[in-house]
Amino acid sequence: MSRERSDSQGSLGPDDEVMPYSDDETDDELDPGSDEEGPPGGPQPEEIKSTESGWSVKANDRAFCNLPEFQKKYLLCLKKSKYAGNGIKTYKYNALTFIPLNLLEQFKRVANLYFLALLILQIIPEITTLPWYTTLVPLVLVLGITAIKDLVDDLVRTSCFEHDKEWGGEMTETFSKPRFQESKWMNIHVGDVVRLKKNGHIPADILLLSSSNPNSLCYVETAELDGETNLKFKMGLKVTDERLQEEGQLAQFDAMIVCEEPNNRLDKFTGTMCWRKDRFPLDLDNMMLRGCRIRNTDECHGLVIFAGADTKIMRNGGKTRFKRTKIDELMNYMVYSIFVILILVCAGLAIGNTFWYEEVGSKAWYLKDGKDQTASYRGFLSFWGYIIVLNTMVPISLYVSVEVIRLGQSKFINWDLQMYYQEKDTPAKARTTTLNEQLGQIEYVFSDKTGTLTQNIMAFKKCTIVVQSIMVDFSWNKYADSKFEYLDHSLVACIRSKKDKETLEFFKLLSLCHTVMVEQKEDELVYQAASPDEGALVTAARNFGFVFLSRTQDTITISEMDQEMTYEVLALLDFNSDRKRMSIILRFPDGRIRLYCKGADTVIYERLSPNSRHKEVTQTALDIFANQTLRTLCLCYKDISKQEFDAWAKKHKDASVAMGNREAALDQVYEQIENNFMMIGATAIEDKLQDGVPATIAKLAKADIKIWVLTGDKKETAENIGYSCELLTDDMQIHYGDDIKPASATPQDSTQPIDDWEKESRQVDFVNMACECEAVICCRVTPKQKANVVSLVKKYKKAVTLSIGDGANDVNMIKTADIGVGISGQEGMQAVMSSDYAFAQFRYLERLLLVHGRWSYIRMCKFLRYFFFKNFAFTLVHFWYSFFNGFSAQVAYEDWFITLYNVMYSSLPVLLVGLLDQDVNDKLSRKFPKLYLPGQQGALFNYKNFFISLFHGIFTSLVVFFIPYGAFLQTMGQDGEAPSDYQSLAVVMASSLIFTVNLQISLDTSYWTFVNCFAVLCSIAIYFGIMFDIHSAGIHVIFPSTFTFTGVAPNALRQPYLWLTIILTVGISLLPVIFIQFLCKTIWPSVGDNVRHKEEEEEKKKPAPFQRDRRSRRSAYAFSHSRGYADLIASGRSIRRRPAVARPDPRDSITEVPPSQ
């Protein structure tokens, strides 16, 4: 009979569950009301429509998809089939649509739209005070750089779908009566029967019908789908395997498939096949997804279920959750603040223009312009004129500059060899370019245990069948794994004697109750397990003489002490995180029916028969195993009568073909048979810590980063792992959640909240209490609860969170946190595919946060502070000039200087500071974790820093305007002429500003390289080079109306007193900054200043290097070797050194952390 099989990507164990992999989960989709397992707020999987007529496919019948009931509207009254064709596009743009679509997207951004509106205003003659190109050139450059970035991203995204490069032109064989014919991928339709060959790509989501391998087994490689390189197995139904091998049989195939609607869940498929008056359940094991390749299978046949845009890989190519950093949010608010300041300043200047015209302008005969305009109307026009003049207060190039810096920082993470794991050839990978500075602000780290803190390489260490512990020799077993070790000689003797039936049942259960697949490679059995736990248990049974050999759809064959036995599989009751167990129902060769079950002790013990033995002994052993940080599972069995099974099998068959809530229906049926178990024993599996985990946790704790471990293990196991990794220490006071009762709980029901208000109150109490602890370990949590815990801390603490995990059960947690980190471990690549950053070992998290995160935060904050300052210093000169030009919106600089200031004259040095600057090197960043604290406190960029930049810009603009203005009041040149003209003043102010802002960034640069020095000098040189060119007579002759400052620069800058004016202006602008920096470093030093000072002191205290010319030098071993310890050894006295008494360190609170091993 048909049965429910486990998912091929499923896993087994008390803390493993395959969760949906979806890029469409966002915080908006969190449903507090649907979660009964923990606090509300965790992300929920995408709901699947389960109507019977939701998605129907008729085999060998294309016309079925075009029936009226399957038509949908797509444009006004036009209709088309809801079944997509197989022609798809993986690109966003093409040659015709790139420019219009990209521009449309970019002008959805408020800043770009604002500058487009300015450009339109500059076309209006009565308003414009600046030529159109002063806005157009920077806008085109910003749009162009962003467009190039978008185009590159689109090309990279397209290249990820290697088999779609030729627009669906690859060929495959489609059945067209009476035979198979070659057809292009784009011509495949839902309902087609296709034949696939070895090493070929799978063109659509296909239901496997039969294959050339026994039992319709087919191996697929899913590397392009989920990044995993190991092969997955797919298996056709027994009925299709037996009846659909020949072309004639395939021609008569007319089954109806009813399944879920197209969705993005790569780990699940639910459907039913109706054929020949019978119904058969379908699951993911029967499906071959687009994006995979056929391996180790000569050919196979399948039925197209989803095509083109409806396939799961294309559904996963949709929107991703957009994560925004704190600095992003703050930066946006500051840009809004600048815009408000701009409006107020322009309004004030417009009012000034109104009053000035009434009092002065209207009475001066030489200012008459022949226009009959009132003072109020002139003030109104002046307002828009100043909006144009002062537009550079709103930084047009800010966002594109930030993107360039983030891209560079991401590349540095990718190129970091100290985060490269040579054993698996795995480099660190920044999978996003938008979150780098957030890595420097992490307050809470939520970590999975298995595979994240531990290696996830399982070793079967102990079991409870009341035995001794010594080394075992497995040479008697030809199937034994040479790497397997176990300390119990008497256990082997007991098995070989075949006297203890319970011991034999113990290992028989391990060899039968699993979802492992086996391959024969060079006379060796190779197991492919869904989880390392299963692999370890089946390998243990194999070494003790119970060898899993093969399986089909309804049989499983093992070797019991060299005797081959085949059992009929009647049902396989799959594992999930709610059940925390799996069972298999078998018919023995003698006709007996027995259920074997393995699972967590919490669910097994409550289902044991009152007559079960070994309860207390097993519980004692479980406690011992847990205290030794071993992963435990309980094993039990139940004999079932034929009548009981037949009655249950009918319910199981109905539940297995249900389209609505199939999982819930199956779980309910499973509960009816999984009871009255007889205990056999328990297993204990060791999972060692990864290298460097304790040192990494200690470093992060000293950086005031709180670490929470979220695991599905028992409390004792989780606690002991906490001690092993030094998350918990002996001087900590441990509090258990079981001992803490809510104060507001009623005696009748202290666990269930009365209403939503009390539920929220308890959530707040839980978060407040837990966040007061130095470390938190949550045990027995499901994947959904992991995400809920992260969501609660984000919600009530407003803290920056990071989640790190390695398996599919960590995906929701990774996506819920502000930053998700995936570890490419033993459980596949789903965590990595859903993460923002990925690497191979937990210890690399220290470098990611304390070095790259901290540097990125410092660089971005310094960049933003300086960027706002230089724009304020540049723009506000117009403001001061307004008081001397009648508030007429006349500009203080030359037009081309305004155009190129942010683009060429001041952009390169600050970009390099944003990319390369560092206050201390990477070794000191890790040596002194307290350096991380300013990022958590947001101390380097906030509204205080913003207003400091604003006032700094105001001061600089005052100096840049008024000192040259005062110098030009009464001056005389060497030739007796007074160059006190507006154009010369503009040149002097511009030159002073360029020197000031470039020297200011030099003062702010902590880490000097050749490129920083070159950028500063190059920016100044470019300024003078371009200025002399556009002030030349030659370019004026060609464009007389555009270049009007003819000969101004050569004439003005040959006057020594104007150079003196520039030097005076720059000096007065920078001297207060130098003085303040000196005071800050001497009186109020930062943590970084203290570290640098301490390091300089240590460098001075180092002994002088060895001098080769000293007479004490010895070059031979005989002369350099001192007297040995022969006398001491012969005397028998102890040669161990007594412990030295530590002397107190008189220096300040800077604490050095020993480097990680």
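In this convention, every chain numbers its residues from 1, walking through the sequence in written order. Owing to the predicted nature of the model, reporting of local features is limited to residues with pLDDT of at least 70; listing and counting of side-chain atom pairs is limited to 80 or more, with chain, interface and lining totals taken over all residues. Note that the side-chain values use all heavy atoms of the structure and ignore hydrogens as well as water.

## Comments concerning the overall build of the protein chain
At step 1: Helix and strand content of the protein chain: 37 helices and 32 strands.
At step 2: Think of it in three bands: residues with accessible area under 20% of the maximum for their type are buried, residues over 50% are exposed, and the middle band is partly exposed, with areas taken using a 1.4 Å probe on protein chains only. Each of the 1157 residues in the protein chain was classed as buried or not, and the buried ones make up 55%.
At step 3: By definition in these notes, contact holds between two residues if any of their heavy atoms fall within 4.5 Å. In the protein chain, 74% of the contacts between residues at least 6 apart in sequence involve partners at least 24 apart.
At step 4: Within the structure as shown, the protein chain displays about 52900 Å² of accessible surface, and the carbon and sulfur contribution to it stands at 56%. Each helix is a run of DSSP H or I of at least 4 residues and each strand a run of E of at least 2, with the numbering of both proceeding from the N terminus. Here the open area of atoms and residues is found with the Shrake-Rupley method and a 1.4 Å probe, where only the protein chains shown may cover a residue.

## So, the packing of helix α8 (residues 326-359) against helix α24 (residues 844-882)
At step 1: Fitted lines through C-alpha atoms give the axes, limited to the stretch in contact for helices. The angle between two N-to-C directions lies from 0 to 180 degrees. α24 packs onto α8 with a crossing angle of 5° between their chain directions and a minimal axis gap of 13 Å. One element, α8, and the other, α24, form an angle in the roughly parallel class. Here Ile327, Met331, Met334, Ile338, Val345 and Leu349 of α8 come into contact with α24, specifically with Tyr857, Met860, Cys861, Leu864, Phe868, Phe872, Phe879 and Ser882.
At step 2: Broken down by class, the residue content of the contact of α8 with α24 amounts to 13 nonpolar, 1 polar and no charged. In this scheme, roughly parallel covers angles under 35 degrees and roughly antiparallel covers those over 145, while 65 to 115 is roughly perpendicular and the rest are oblique. Gly falls in the polar group here, along with every residue not listed as nonpolar (Ala, Val, Leu, Ile, Met, Phe, Trp, Tyr, Cys, Pro) or charged (Asp, Glu, Lys, Arg).

## A closer look at the sheet that holds strand β30 (residues 801-805)
At step 1: Strands qualify as paired when DSSP identifies two bridges or more between them. Judged by pairing direction, the sheet is mixed, and its 7 strands sit side by side in the order β16-β32-β31-β30-β17-β28-β29 without closing on themselves. Among the strands making up the open sheet, the edge pair consists of β16 (429-430) and β29 (775-778).
At step 2: Pairing geometry for strand β31 (residues 819-823) and strand β32 (residues 837-839), over 3 bridges, is parallel. Among the inter-strand pairings, Ile823 is bridged to a residue of β32, identified as Phe839.
At step 3: Contacting β17 (444-448), β30, β31 and β32, α24 crosses the sheet at an angle of about 140° to β32.

## Observations regarding the confidence of the model for the protein chain
At step 1: pLDDT is defined as a per-residue confidence score from the predictor, taking values between 0 and 100. Here the protein chain averages 81 in pLDDT, while 83% of its residues score no lower than 70.
At step 2: Predicted confidence is poor over residues 1-52, with pLDDT under 50, and the contacts of this stretch with residues over four places away or in other chains come to 180 contacts.
At step 3: The low-confidence segment residues 1112-1151, where pLDDT is below 50, has 18 contacts with residues more than four positions distant or belonging to other chains.

## Digging into the pattern of salt bridges
Pairing is possible between side chains that carry opposite charge, provided their charged atoms lie close to one another.
At step 1: Any carboxyl oxygen of Asp or Glu that lies within 4 Å of a side-chain nitrogen of Lys or Arg is treated as forming a salt bridge with it. The final tally for this structure, using the stated rule, is 41 salt bridges.
At step 2: Asp278 is the salt-bridge partner of Lys653, the closest N and O atoms lying 3.4 Å from each other. Of the two residues, Lys653 sits in helix α16 (residues 642-656) while Asp278 sits in strand β12 (residues 278-282), which places them 375 residues apart along the sequence.
At step 3: Under the relative-accessibility criterion, Lys653 is labelled partly exposed at 23%.
At step 4: A salt bridge links Glu505 to Arg594, with the shortest nitrogen-to-oxygen separation between them at 2.6 Å. Of this pair, Glu505 sits in helix α12 (residues 501-512) while Arg594 sits in strand β25 (residues 593-599); the two residues are 89 residues apart in sequence, bridging distant segments of the chain.
At step 5: Classification of Glu505 as buried rests on a relative accessible area of 13%.
At step 6: Each of the salt bridges in this network shares a partner with another, and the network as a whole consists of Arg579, Arg581, Glu606, Arg607, Glu671 and Glu674.

## Things to note about the packing of aromatic side chains
At step 1: When two rings of Phe, Tyr or Trp (its six-membered ring) have centres within 6.5 Å they constitute a pair, described as stacked for plane angles under 30 degrees, edge-to-face for angles over 60, and tilted for the intermediate range. Applying the stated criterion across every chain, the model contains 58 aromatic pairs.
At step 2: Ring pairs connect the aromatic residues Phe879, Trp880, Tyr881, Phe883, Phe884, Phe887, Phe961, Phe962, Tyr965, Tyr982 and Phe1045, which therefore count as one cluster.
At step 3: Placement of a positive charge over a ring is assigned whenever Lys NZ or Arg CZ falls within 6 Å of the ring centre and within 35 degrees of the normal to the ring plane. Positioned above the aromatic ring of Tyr527, the side-chain terminus of Arg542 is 5.3 Å from the ring centre.
At step 4: Lying over the aromatic face of Phe867, Lys870 brings its terminal NZ or CZ to 4.5 Å of the ring centre.

## What to know about the pairing of strand β24 (residues 581-587)
At step 1: Across the 7 residues of β24, 6 count as buried, placing the element largely inside the fold.
At step 2: As paired strands, strand β23 (residues 563-573) and β24 are joined by 5 bridges and run antiparallel to one another. Each bridged residue has a counterpart across the sheet, and for Leu572 the counterpart in β24 is Ile584.
At step 3: Pairing geometry for β24 and β25, over 7 bridges, is antiparallel. Residue pairing in the sheet places Ile585 in a bridge with Leu595 of β25.
At step 4: As consecutive antiparallel partners, β24 and β25 are separated by 5 residues, and within that stretch Gly591 has a phi angle of approximately 95°, a positive value.

## A look at helix α2 (residues 110-123)
Because each turn of an α-helix spans 3.6 residues, side chains separated by three or four positions in sequence point in the same direction.
At step 1: Expected span of a helix, by definition, is 1.5 Å for each gap between consecutive residues, and there is one gap fewer than residues. With 14 residues, α2 should reach 20 Å at 1.5 Å per residue; the first-to-last C-alpha distance of 20 Å fits that figure.
At step 2: All of the buried residues in α2 are Ala111, Asn112, Tyr114, Phe115, Leu118, Leu119, Leu121 and Gln122.

## Considering unusual backbone geometry
As a rule of thumb, non-glycine residues mostly have phi less than zero, and peptide bonds are mostly trans rather than cis.
At step 1: Positive phi, normally seen in glycine, also occurs at Ser216, with a value near 55°.
At step 2: Turning to its location among the elements, Ser216 is positioned in the loop between β7 (205-211) and β8 (217-221).
At step 3: Here Asp562, not a glycine, exhibits a phi torsion of approximately 70°, which is positive.
At step 4: Within the fold, Asp562 resides in the loop between β22 (555-560) and β23.
At step 5: Taking relative accessible area as the criterion, Asp562 reaches 60% and is therefore assigned exposed.

## Description of the environment of Tyr596
At step 1: Its place among the elements puts Tyr596 in strand β25.
At step 2: On the basis of relative accessibility, which here comes to 0%, the residue Tyr596 falls in the buried class.
At step 3: Distance in space between the C-alpha atoms of Tyr596 and Ile585 is 6.5 Å, their sequence separation being 11 residues.
At step 4: Once you skip the residues sitting within four places of it in the chain, Tyr596 turns out to touch Glu505, Lys508, Leu509, Leu512, Cys513, Met582, Ser583, Ile584, Leu586, Phe588, Cys636 and Tyr637.
At step 5: Here Glu505 takes part through its side chain, which lies 2.5 Å from a polar atom of the side chain of Tyr596. For the purposes of these results, a polar contact is taken to be a pair of N or O atoms within 3.5 Å, where, inside protein, one atom must be able to donate a hydrogen and its partner to accept one; residues adjacent in sequence count only when each atom of the pair is a side-chain atom.

## Examining the sheet that holds β25
At step 1: As summarised here, the arrangement of the 8 strands in space is β18-β27-β26-β25-β24-β23-β22-β21, forming an open sheet in which the pairing is antiparallel. Only two strands of the sheet have a single neighbouring strand rather than two, namely β18 (459-463) and β21 (546-551). Direction aside, neighbouring strands of the sheet carry axes that sit 30° apart on average.
At step 2: One ladder, built from 5 bridges, connects β21 with β22; its direction is antiparallel.

## Quick notes on the nonpolar core
In summary, soluble globular proteins display a tendency toward joint burial of nonpolar side chains.
At step 1: Residues belong to a common nonpolar core when they are buried Ala, Val, Leu, Ile, Met, Phe, Trp, Tyr or Cys residues joined through side-chain atoms within 4.5 Å. Counting 100 residues, the largest nonpolar core has Leu398, Phe863, Leu864, Phe868, Tyr893, Phe897 and Leu993 as its most contacted members.
At step 2: It is α24 that contributes the most residues to this core, 17 residues altogether.
At step 3: Formed by 49 residues, the second largest nonpolar core is a distinct cluster that contains Trp55, Leu237, Leu282 and Ala307.

## Let's talk about the state of the cysteines
At step 1: In what follows, a disulfide is any cysteine sulfur pair within 2.5 Å. Following the criterion strictly, the structure yields 0 disulfides and no others.
At step 2: Looking at the unpaired Cys634, the closest cysteine sulfur is the one in Cys636, lying at 7.6 Å.

## What about helix α25 (residues 895-905)?
At step 1: Buried residues dominate α25, accounting for 8 of its 11 residues.
At step 2: Among the residues of α25, those classed as buried are Trp896, Phe897, Ile898, Thr899, Leu900, Tyr901, Asn902 and Tyr905.

## Section: the environment of Leu1064
At step 1: If you trace the backbone, Leu1064 turns up in helix α34 (residues 1056-1082).
At step 2: When its relative accessible area of 46% is taken as the criterion, Leu1064 is described as partly exposed.

## Notes on a nonpolar patch on the surface
At step 1: A contiguous nonpolar patch, built from Tyr333, Tyr336, Tyr943, Phe947 and Phe951 and spanning about 560 Å² of accessible area, is present on the exposed surface.
At step 2: Those elements that provide at least two residues to the nonpolar patch are α8 and α29 (943-967).
At step 3: The biggest single contributor to the nonpolar patch is α29, with 3 residues.
At step 4: Classification of Tyr336 by relative accessible area gives partly exposed; the value is 48%. Here the term patch refers to residues with relative accessible area over 30% and no salt bridge, with like charges joined within 9 Å and nonpolar side chains (Val, Leu, Ile, Met, Phe, Trp, Tyr) within 5 Å.

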